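Observations on chain architecture
Here is how the chains run, residue by residue.
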Amino acid sequence: MTPEALLSTFREAFGEKILSTRTVTHSVGRERHAVHNVWIEMGRETLHDAVAHLTSFSHLHLSVISGDDLGEAIAFNYHFAVGFGERFGEVVLTIRVVVPKGDLRLPTLTDLIPGALTSEREKQEFFGVVVEGIPDPRHLFLPQEATFHPWRKDEAAAIGRETRHLVDWETPHE
Amino acid sequence: MNALSVHAPVLLVATPLLAAFVVPLVAKLGSTVRNAVVGVFTLLTASLAGLVAANVLAGSGAPSVYVFGANPLNLTLPSGMHVPIRILFEVDGMSAFMILITALVAVAATLYSFSYFKEHSGGEMYYPLLFLLLAAIFGMEETGDLFNFFVFLEIAGIAACGLIGFRPWRGRSQEAAFKTMALYTLSGLFVLIALGLLYGQHGGLNIAYLSSRVGAGMLDLVALGLLVVALGTKAGVAPMHMWALDAYGEAPAPISAVLVASSQASLYGLFRVLFTLFGAAVSVAALGWFLIALSVLTLFVGVTMALLQKDIKRLIAYGAVSQIGYMLLGVGVGFTTSGSRPAYGFVAMQGGIFHMVNDAACIGLLFLAAGAVHRASGTRDLNRMGGLGHDMKWTAALFAIGALALAGVPPFNGFSSKLLIYESSFAASPILAAIAILSSILLLAVFMKVFQAAFLGPRLLENVREASRGMLVSMLMLAVVVVVFGLFPGFFVDKLVTPAAKALWLGRDAYVRAVLGG
Amino acid sequence: MNNESQKITTPRQGKTYTIPIGPVHPALKEPIEFSFELDGERIVGVDIRPGYAHRGIEFMGMKRNLIQVLYLSERICGICSISHPLALTQAVENAAGIEVPPRAQYIRTIIGELERIQSHLLWAGVAAHELGFDTLLHLTWKVREKVMDLLEDLTGNRVDYAIPIFGGVRRDIPAAKGDLAHAVLRYYRDLLQGLMDAFLEDKSVEMRTRHVGALSRGDALRLCAVGPTARAAGVEKDVRQDMPYFAYADLEVRAITPRDFEQEPVGDVFDTIIVRLLEVAQSIEIVERALCEMPEGELVSIPKVAALLSFLKKAEGEGIGRHEAPRGEVFHYVRLEAGIEEPIVWKVKAPTYSNLMAWVPKFMGAEVADIPIIAASIDPCMCCMDRVHVADRSGRASIRMKEELIRLSREKTRRILG
Amino acid sequence: MRRLPRSFKRALWVYHVATGSCNGCDIEIVAALTPRYDAERFGIMLTGTPRHADVLLVTGPVTRPMRERLIRIYDQTPDPKAVVVVGGCGSTGGVFYDSYNVRGPVDAVVPVAVYVPGCPCRPEAILDGVVKAAVELEKLERSEVSA
Amino acid sequence: MTGGIGAAIWQGATVLIGGALLGLVYKGIDRKLAARMQARIGPPLRQPFFDVVKLLAKENVVPDHAIAWLFNGAPVVSLAAVSSLLFYLPLGGFAPLLGGHGDLVLVIYLLAVPAIAMMVGGFAAASPYASVGAQREMVMLMSYEFPLVIALVSIAWRLSTILPEASVFSLSVLAANPLWDWVGPLGAVGLVLLALALLVVTPAELSKIPFDIPEAETEIAGGLLAEYSGRNLALFYLADAVKTVAMAALLVALFFPYGLADRLWLSGPLAGLVDVAFFLIKVLVVVFFSVIVVRVGFARLKIDQAARLFWIPVTGISLVGMVLLILDRVA
Amino acid sequence: MIFVTLVRQLLDRPATNPFPTRHMPRSIIRLLERARRGKGAIHPPVPVPAGMRGKLVYDRDKCIGCQLCVRVCPARVIEFRSEQKKIRMHVARCTFCSQCVDACPVAALATSREFLLADTDRRSRNLIVE
Ligand code: SF4
Ligand code: SF4
Ligand code: SF4
Ligand code: SF4
Ligand code: SF4
Ligand code: SF4
Ligand code: SF4
Ligand code: SF4
């Protein structure tokens with residue numbers, strides 16, 4: 001799967017709904033073989049359709065969802081591996097969805113990719129986003145009753161209070 | 001004194017009968033008085049049993065005869081008669097042995113009952129029925145007449161059913177009583193038909209007399225078959241054991257113990273029929289193999305079904321069934337090898353018979369302990385108890401003794417009798433010994449499980465109290481028997497078992513002679 | 001498939017009970033807590049509670065400069081300790097646009113593959129130990145020492161090699177050491193058949209691993225499994241093949257599945273043994289070729305540490321780094337902003353994170369005695385998968401556990417006896 | 001009060017507790033048991049339960065949930081006992097020095113007899129640590145221990 | 001009379017202490033050889049002695065939920081049972097101290113008692129791991145007893161057909177009249193099969209890999225013994241050591257009771273020494289093949305696999321052995 | 001067949017390196033004492049390669065106090081003592097990455113091959129380099 005082919009099927013299917021695209025190509029090895037990272041930004045309404053579109057023509061592997069606290073909003077990057085199974089066949093596709101902090105919701109992908117559950121649960125507890133339709137809304141790593149979100153930059157103070165500085169020559173050991 | 005000694009056999013039956021009538025009368029005076037009266041009668045009965053046994057054993061088990069209304073009392077054949085017509089008791093080494101077992105269980109069960117039934121009344125019917133049952137059992141063991149045997153058997157059956165269904169508020173016990181009643185009636189019918197056949201042919205029902213007359217004729221064999229089936233059923237031999245489970249399982253704990261003695265009385269009747277009545281008439285080896293087959297089946301059913309039980313009393317009941325298998329095995333091997341390897345055969349007999357007393361003691365102990373557990377935990381479901389050992393130390397220890405004895409672990413009594421069975425049964429076939437040993441080991445595992453489930457583990461139940469002193473003492477009594485018989489088996493084999501075995505094995509002629517003379 | 005994920009979420013009705021295992025348990029060298037729902041002794045549900053080894057590494061990393069983060073990433077996990085640095089350096093190099101000299105790429109490849117040999121042997125030994133076969137543990141770990149020595153010679157440490165740096169590597173492999181490496185590889189080549197026999201021809205190993213913890217190809221795909229766990233199920237997924245990097249772009253690497261052993265993949269523990277042992281052979285080949293074909297040249301594009309620090313401080317952008325670690329894909333994402341030393345975002349994804357869900361179908365239907373070997377079969381490394389776990393909520397569970405386990409064991413015995 | 005027998009130190013059974021380590025040291029502990037280093041020749045045995053242990057080998061900076069577990073395991077270990085911390089992060093916190101989820105180092109939770117720095121410690125450094133613990137025990141042999 | 005009792009006590013004490021020492025020595029050899037097979041130096045031969053001394057110096061913890069009297073009683077019973085086993089086994093050239101009538105069955109039970117004591121202790125500890133271990137031990141017990149009992153009974157039966165007067169349920173009689181001298185080729189094959197079955201039973205009796213399921217460290221954390229420490233653990237440790245010797249001595253008595261001395265025309269104390277040494281070597285051979293090699297060379301089985309192994313193939317082998325012995329008589 | 005291997009290993013020399021002694025001696029203190037007096041009772045560890053990264057060595061005189069090492073150290077091993085413009089290293093914290101060695105512009109730092117650092121006190125003199 002070439003990045004161009006990938007992007008063109010997306011353009012065909014979603015047209016205007018694609019907010020931006022970017023292809024980053026690195027060359028590897030003696031023959032300077034090209035490998036590609038494709039970045040697509042979309043609204044969260046299109047996310048589920050986009051992934052459904054992807055699953056329709058390829059096995060899809062969701063590596064992980066990363067989150068990026070931008071201040072007023074949080075960007076979620078869905079990192080997919082598309083087209084694995086053959087040499088140089090794979091493209092890393094990152095679908096980026098920016099969600100404002102006032103309306104922190106995301107659709108679940110577990111109906112398409114059950115393996116997304118781990119990552120979605122993690123995003124819920126670490127960023128406070130609500131993944132709508134998630135089959136298991138419990139916290140995975142945090143206790144159920146925990147309310148703070150460790151990767152939110154605006155909650156740094158609360159986390160800081162919990163932090164232990166274990167350098168005895170700096171803070172003499174009690 | 002002498003008169004007492006002479007009349008002891010009949011008093012042994014009369015005393016509990018009397019008690020059965022007296023107790024309801026005094027029961028009106030309150031439970032203390034009632035218990036005192038019950039206790040006195042029980043002790044009296046036990047002493048009489050001891051006396052009867054002592055007299056017989058003093059004569060190294062030779063049969064002694066007591067003829068009702070005759071003068072002298074051992075006048076069996078009044079002048080000119082060839083058939084004994086009077087009711088007569090004939091007590092030999094085997095009967096004496098059985099009488100002792102019954103007495104032992106009776107004392108333990110009564111003592112236990114005092115505290116077991118402290119709370120709920122209803123004792124007005126309980127003790128009379130118990131005494132009636134005892135009287136009937138003693139009668140079965142003493143009588144020398146098949147018809148009397150039948151009568152006592154029926155009385156025992158009725159009393160037993162009354163006791164099994166004793167707790168009318170529990171549906172299951174009624175059901176068990178009904179089942180038992182049905183089977184008892186059926187087997188009673190079988191016995192009656194057999195008696196009819198025998199009487200029709202030979203014109204008498206005195207055992208000694210019949211023994212001299214029966215042959216291998218068709219009708220005699222049919223009678224034999226009916227008797228074996230009926231008595232086997234009552235003894236709880238597989239595959240006719242089903243009633244025993246319900247009965248043992250549902251009856252109050254002390255009654256379960258007495259029922260063991262009552263089953264053994266039926267087994268005694270079976271042995272009597274086989275050895276004394278038909279001993280000369282049928283092929284011994286074939287009969288032996290038949291018994292062995294039954295015994296293996298009984299062992300197998302008892303042990304494997306015990307593995308599956310969740311109800312502690314039903315589980316013990318299966319254990320009891322399997323023990324009947326051992327007794328049958330010993331006696332069966334005795335039969336088969338009596339011709340080919342008599343040395344082994346006699347040991348097998350000894351083993352089978354010795355096991356009767358050992359079984360009565362340890363199964364009785366287990367039932368009593370299970371009763372205590374039931375009382376303390378309010379359940380018989382093994383999955384719902386646990387950790388009782390924290391609060392019921394003594395019961396736990398006594399239960400363990402009973403279980404180890406049952407599984408034939410040295411130095412308890414089960415080992416001594418089973419050892420006799422193992423080392424003789426293999427003369428018939430090595431596989432028999434292997435089966436016998438393995439059954440014991442499986443039983444060990446089964447009772448390990450029970451012990452663990454009931455007594456070990458974390459406390460699951462609150463407010464568990466140790467069994468009352470009376471219950472403990474009666475259990476202790478049986479436990480002492482278990483231990484002492486295990487530690488000094490030689491003594492008891494010599495004094496008790498050998499006379500009994502001889503009486504069955506070689507005593508047919510003496511038995512017949514005692515009545516018919518010559 | 002949704003059923004599978006449903007099973008961890010919905011408590012099933014009926015006669016089942018739950019036993020927790022962990023977090024400290026001899027079968028688990030690292031802390032994690034499982035909660036198994038059992039019907040009789042069959043496992044019908046499993047809930048996995050990681051979090052005990054979580055040290056908040058990403059959080060700490062976002063407060064430190066990148067060179068410090070590099071060594072922190074090395075200590076995400078010490079089993080195959082080169083994997084995270086290799087992914088992190090790639091991510092940062094992609095973000096900051098740093099070129100890595102070809103020789104450095106080969107050296108990274110060589111160390112990465114030696115690491116795989118070491119790690120797979122380690123796993124084989126641990127798996128044997130979980131099966132109660134300590135002799136195989138000793139056997140594999142005895143031979144593992146050879147590659148440990150080689151790694152120590154090449155990098156200066158047995159574990160945590162500290163060899164990659166942004167833009168290259170810190171140590172060269174001179175010709176003499178290359179010869180040494182060749183000798184070690186020959187040693188393994190000779191040994192491998194015996195090792196395969198010891199594991200794959202042994203009846204008792206087979207009895208304990210065949211059809212134990214099976215994972216279907218479909219489940220492996222849907223649950224996003226990676227590494228040998230996925231490949232044992234027949235999914236031909238391997239970053240070295242799908243999207244090569246370093247010297248893998250020159251050396252043809254193919255994903256290994258049980259088909260290479262002439263077996264239809266069923267994804268059970270036995271298949272994972274096959275895959276890992278074959279991968280050892282594959283790694284030997286890769287290292288040999290890389291040693292031979294390694295180009296001459298620079299080791300690192302920005303040699304001065306101070307210069308590197310200031311370059312990274314000025315860098316801006318986002319980058320992804322991936323590496324096929326012995327247990328599967330390691331994935332790092334970083335975003336850098338100019339003028340800030342610390343990474344703005346650092347997201348780490350370790351293989352166990354992906355394979356966590358694959359445990360569910362693997363455990364489903366297995367027996368209690370299979371728990372250790374199934375747990376080990378994905379070769380978990382909690383320490384790097386674990387995230388925040390703030391409070392401890394264990395107390396009550398462990399009290400209940402005793403009764404449940406006792407009842408369970410009773411039922412179980414009854415079943416066996418009956 | 002009683003004396004420690006002379007052979008006490010020659011039969012040390014160890015229990016391994018990972019309290020948030022990175023696995024580096026844990027793996028080297030296993031390596032120390034395998035043929036090249038063979039800790040068993042000193043009588044060292046890895047046990048499956050703290051009840052059988054004389055020495056606790058603790059690795060890792062003690063994460064918050066493991067803190068209470070470590071205390072419980074320490075309490076379960078019968079006296080006399082010793083704790084040997086394996087690895088720099090368990091000894092001091094190491095690279096994990098400013099996390100919200102770390103409550104170490106180990107000696108902030110339970111008393112420690114011997115520290116083995118290293119990241120990770122080589123297997124022989126671990127053996128060296130156990131030998132140092134044995135030296136401490138030998139000193140105890142000469143005095144009395146409170147039971 | 002007192003002299004007789006004194007001598008008996010002396011002999012008894014010698015056997016007990018000797019048995020314990022011997023057990024520990026064999027355990028040392030076991031660990032040493034196992035280590036060598038795993039390419040390690042392994043612990044010194046004296047290591048088991050160090051272990052026991054150390055354990056005795058440790059605190060003896062009784063868990064809160066345990067039923068103390070059972071918990072503490074179990075190890076004592078276990079050691080007592082295996083020790084009394086020694087009184088019934090012919091050791092070296094010497095006849096057993098006790099026994100005679102029926103001790104064969106006694107030995108079967110005494111072999112089972114330590115397992116049962118361990119189970120009771122495990123259950124009494126009220127620890128879930130210990131309970132699972134105890135359950136597993138029970139299943140094991142019920143599986144390996146089958147072939148064991150069949151083998152013992154068959155041998156005794158065959159001997160009884162040859163020596164009808166002898167009390168064949170006695171180990172000393174069995175040991176004094178090795179069957180090999182009497183049976184034909186069929187019987188010899190049967191005996192070999194029985195010996196094989198017992199060689200497989202041995203590691204199970206001793207709870208060694210691949211049958212250490214009740215103690216499986218990786219699954220149930222030491223299982224039965226999980227809650228034991230200090231003195232109690234030392235007693236179990238000793239019991240295990242003594243049981244190893246006893247089990248091996250049993251096999252030797254059954255299948256290879258021959259002495260060397262009379263073959264070498266030796267007599268007097270030298271003969272005794274030679275026989276004892278020969279006996280120790282025979283025990284070592286049994287321990288080596290059925291304990292050390294097996295535990296080093298196999299993975300642990302699952303409980304149902306182990307049970308199936310004993311119920312079907314091993315019991316089958318012993319049954320075939322029995323049938324062959326029966327045929328041998330007929331032939 | 002694994003049994004062939006077992007027999008071979010049984011007969012072969014074990015793979016074990018008997019550091020520091022073959023078995024635990026009756027008195028380890030006396031053994032160490034003897035070794036200190038040069039009686040050579042201690043068997044050396046498995047030889048470590050030339051580039052092995054062990055305990056740090058610090059050349060105090062060369063150090064110019066630039067603090068680069070402090071900046072790169074991932075474990076806060078290095079304490080900068082501003083009065084003297086010199087550093088002090090707390091080795092118990094060290095990860096032995098030798099990044100400080102690489103960073104030092106004047107080569108005041110180096111690694112040694114010493115790795116047997118076990119101590120009863122994590123702040124002992126042995127574990128401080130300055
Ligand atoms: S990573 Fe391996 S050794 Fe560590 S706990 Fe998991 S299975 Fe055990
Ligand atoms: S999951 Fe691992 S790598 Fe991520 S923050 Fe936690 S400890 Fe660090
Ligand atoms: S792949 Fe696993 S073992 Fe390897 S470095 Fe990553 S976490 Fe550690
Ligand atoms: S300025 Fe920095 S990079 Fe340049 S020489 Fe000095 S220390 Fe090195
Ligand atoms: S699998 Fe995860 S936890 Fe384990 S070592 Fe690798 S990164 Fe660390
Ligand atoms: S000391 Fe280092 S290698 Fe050891 S556990 Fe800690 S971080 Fe890992
Ligand atoms: S070696 Fe690494 S951890 Fe140690 S002081 Fe130097 S930079 Fe810090
Ligand atoms: S980097 Fe070198 S010169 Fe600078 S402070 Fe550190 S040791 Fe001194």
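Nothing here was measured: the structure is a model prediction, and the numbers come from that model.

Cut-offs applied
- Residues numbered from 1 in each chain as written.
- Chains lettered and ligands numbered in written order.
- Predicted model: local features only at pLDDT ≥ 70, side-chain atom pairs only at ≥ 80, totals over all residues.
- Heavy atoms only, no water.
- Helix = DSSP H or I, 4+ residues; strand = E, 2+ residues; numbered from the N terminus.
- Contact = heavy atoms within 4.5 Å.
- Pairing = 2+ DSSP bridges.
- Domains from an automatic or database assignment.
- Salt bridge = Lys/Arg side-chain N within 4 Å of Asp/Glu carboxyl O.
- Buried < 20%, exposed > 50% of the residue type's maximum accessible area, 1.4 Å probe, protein only.
- Buried area = accessible area lost by both parts, 1.4 Å probe.
- Polar contact = N/O pair within 3.5 Å; in protein donor to acceptor, adjacent residues only side chain to side chain.
- Near = heavy atom within 4 Å.
- Nonpolar A, V, L, I, M, F, W, Y, C, P; charged D, E, K, R; others polar.
- pLDDT = per-residue confidence, 0-100.
- Axes fitted to C-alpha atoms, helices over the stretch in contact; angles between N-to-C directions.
- Parallel < 35°, antiparallel > 145°, perpendicular 65-115°, else oblique.
- Left-handed = near helix turned anticlockwise from the far one by under 90°.
- Patch = residues over 30% accessible without salt bridge, like charges linked within 9 Å, V, L, I, M, F, W, Y side chains within 5 Å.
- Areas by Shrake-Rupley, 256 points an atom, 1.4 Å probe, with all protein chains shown as cover.
- Core = buried A, V, L, I, M, F, W, Y, C linked by side-chain atoms within 4.5 Å.
- Phe/Tyr/Trp six-rings, centres within 6.5 Å; stacked < 30°, edge-to-face > 60°.
- Lys NZ or Arg CZ within 6 Å of the ring centre and 35° of its normal.

Notes on the overall build of chain C
Regarding its fold elements, chain C presents 18 helices and 8 strands. For chain C, the proportion of contacts with a sequence separation of at least 24, taken over those separated by at least 6, is 71%.

Digging into the sheet that holds strand β5 (residues 128–129) of chain F
Adjacent strands of a sheet pair through backbone hydrogen bonds, lying either parallel or antiparallel. All names here are of chain F. Strand order across the open sheet formed by 3 strands is β2-β3-β5, with antiparallel pairing between neighbours. Each of the sheet's edge strands pairs with one partner strand only, and the pair in question is β2 (78–81) and β5. Inspection of the sheet shows strand β3 (residues 86–90) paired to β5 by 2 bridges, in the antiparallel sense. In the sheet register, Met89 faces β5, and the bridge partner there is Val129.

Digging into the domain arrangement of chain F
Here chain F is described as being made up of domain 1 (2–36) and domain 2 (56–129). Each of domain 1 of chain F and domain 2 of chain F has a C-alpha centre, and these two points are 35 Å apart.

Quick notes on the sheet that holds strand β2 (residues 13–18) of chain D
Residues and elements named next belong to chain D. Overall, parallel pairing links the 5 strands, which are arranged β3-β2-β4-β5-β7 in an open sheet. Strands at the two margins of the open sheet, each flanked by one partner only, are β3 (45–46) and β7 (114–116). When strand β4 (residues 55–59) meets strand β5 (residues 82–86), the two strands line up parallel, connected through 5 bridges. If you follow Val58 over to β5, its bridge partner there is Val85.

Quick word on the pattern of salt bridges
Residues and elements named next belong to chain C. Applying the stated criterion across every chain, the model contains 70 salt bridges over all chains. In this structure, the salt-bridge partner of Arg240 is Asp238, at a minimum N-O distance of 2.8 Å. Summarising the burial analysis for this pair, Arg240 and Asp238 share the class buried. Connected via shared salt-bridge partners are Glu113, Arg116, Arg231, Asp238, Arg240, Glu279 and Glu324.

Side note on the interface of chain A and chain C
Counting from both sides, the interface comprises 59 residues of chain A and, opposite them, 62 residues of chain C. Taken together, both faces of the contact between chain A and chain C bury some 4900 Å²; the carbon and sulfur share is 58%. Here chain A and chain C share 6 salt bridges between them. Across the contact surface, chain A and chain C share 20 residue pairs in polar contact (both at pLDDT 80 or more). For the side of chain A that touches chain C, the secondary structure elements donating two or more residues are β1 (18–28), β2 (33–42), β3 (60–69), β4 (73–82), β5 (91–100) and α3 (117–127) of chain A. Here the side of chain A that touches chain C takes 9 residues from β3 of chain A, the largest share from any one element.

Re the environment of Ala58 of chain B
For Ala58 of chain B, the position within the fold is in helix α2 (residues 31–58). Along the primary structure Ala58 of chain B and Lys495 of chain B are separated by 437 residues, whereas in three dimensions their C-alpha atoms are 9.7 Å apart.

Quick notes on the site of ligand 8
Taken together, Tyr58, Cys63, Ile64, Gly65, Cys66, Gln67, Cys69, Ile87, Cys104, Pro105, Val106 and Leu109 of chain F are the residues near ligand 8. Broken down by class, the residue content of the shell around ligand 8 amounts to 10 nonpolar, 2 polar and no charged.

Considering the side chain of Ser322 of chain B
Relative to the assigned elements, Ser322 of chain B resides in helix α12 (residues 312–340). Since its relative accessible area comes to 0%, Ser322 of chain B is described here as buried.

Some points on the domain arrangement of chain C
All names here are of chain C. Looking at the assigned domains, one finds that chain C contains domain 1 (8–53 + 354–393) and domain 2 (57–352). With 26 residues of domain 1 in contact, the opposing surface of domain 2 contributes 32 residues. Both sides of the domain 1 and domain 2 interface together cover about 2500 Å² of buried area, and 57% of this is carbon and sulfur. Between domain 1 and domain 2 we count 0 salt bridges in total. Put simply, domain 1 and domain 2 have 10 residue pairs in polar contact (both at pLDDT 80 or more) between them. Sorting the residues of the side of domain 1 that touches domain 2 by element identifies α14 (351–355), α15 (359–363), α16 (371–377) and α17 (382–385) as the ones contributing at least two each. Sort the elements by how many residues they give to the side of domain 1 that touches domain 2 and α16 lands first, with 5 residues. Looking at the side of domain 1 that touches domain 2 residue by residue, the class counts come to 17 nonpolar, 3 polar and 6 charged.

A closer look at the confidence of the model for chain C
All names here are of chain C. Here chain C averages 80 in pLDDT, and 82% of its residues register 70 or above. Across residues 1–15, where pLDDT falls below 50, the model places 26 contacts with residues more than four positions away in sequence or in other chains. Predicted confidence for residues 382–418 stays below pLDDT 50, and this span has 122 contacts to residues more than four positions away or in other chains.

Thoughts on the packing of helix α5 (residues 102–130) of chain C against helix α12 (residues 269–293) of chain C
Residue and element names in this part refer to chain C. Where α5 contacts α12, the two axes come as close as 9 Å, and the packing angle between them is 155°. In terms of orientation, α5 and α12 fall into the roughly antiparallel class. In this structure, α5 crosses over α12, and the sense of that crossing is left-handed. Between α5 and α12, the contacting residues are Tyr106, Thr109, Ile110, Glu113, Leu114, Arg116, Ile117, His120 and Trp123 on the first element and Thr272, Ile273, Arg276, Glu279, Val280, Ser283, Ile284, Ile286, Val287, Ala290, Leu291 and Glu293 on the second.

Looking at a nonpolar patch on the surface
Residues and elements named next belong to chain B. Taken together, the side chains of Phe147, Val151, Leu186, Leu189, Leu192 and Ile193 make up a nonpolar region of the molecular surface, amounting to roughly 500 Å² of accessible area. Ranked by residues supplied to the nonpolar patch, first place goes to helix α6 (residues 171–202) with 4 residues. With respect to the secondary-structure elements, Phe147 resides in helix α5 (residues 146–164). The exposure class of Phe147 is partly exposed, given its relative accessible area of 39%.

Let's talk about the pairing of β4 of chain D
All names here are of chain D. Burial analysis of β4 places 5 of its 5 residues in the buried class, the great majority of the element. Here β4 shows no split at all, with Val55, Leu57 and Thr59 on one side and Leu56 and Val58 on the other all buried. Sheet topology note: the β2/β4 ladder contains 5 bridges and is parallel. Residue pairing for β4: Tyr15 is matched across the bridge by Leu56.

Side note on the nonpolar core
Residue and element names in this part refer to chain B. Counting 406 residues, the largest nonpolar core has Phe399 and Phe447 as the members making the most contacts within it. Per element, the largest residue contribution to this core is 20 residues, and it comes from helix α13 (residues 342–377). Apart from residues no more than four positions distant in its own chain, Phe447 is found in contact with Leu315, Ile316, Leu366, Phe399, Ala403 and Leu406.

Some remarks on the packing of aromatic side chains
In this structure the tally under the stated criterion is 23 aromatic pairs over all chains. Here the aromatic rings of Phe76 of chain A and Phe127 of chain A are separated by 5.6 Å at their centres, their planes lie at 90°, and the arrangement is edge-to-face. In this pair, Phe76 of chain A sits in strand β4 while Phe127 of chain A sits in helix α3, placing the two residues 51 residues apart along the sequence. Site record: aromatic cluster; members linked through ring pairs are Phe76, Phe126, Phe127 and Trp151 of chain A. In this structure, Arg64 of chain C is placed above the aromatic ring of Tyr97 of chain D, and the distance from its NZ or CZ to the ring centre is 4.0 Å.

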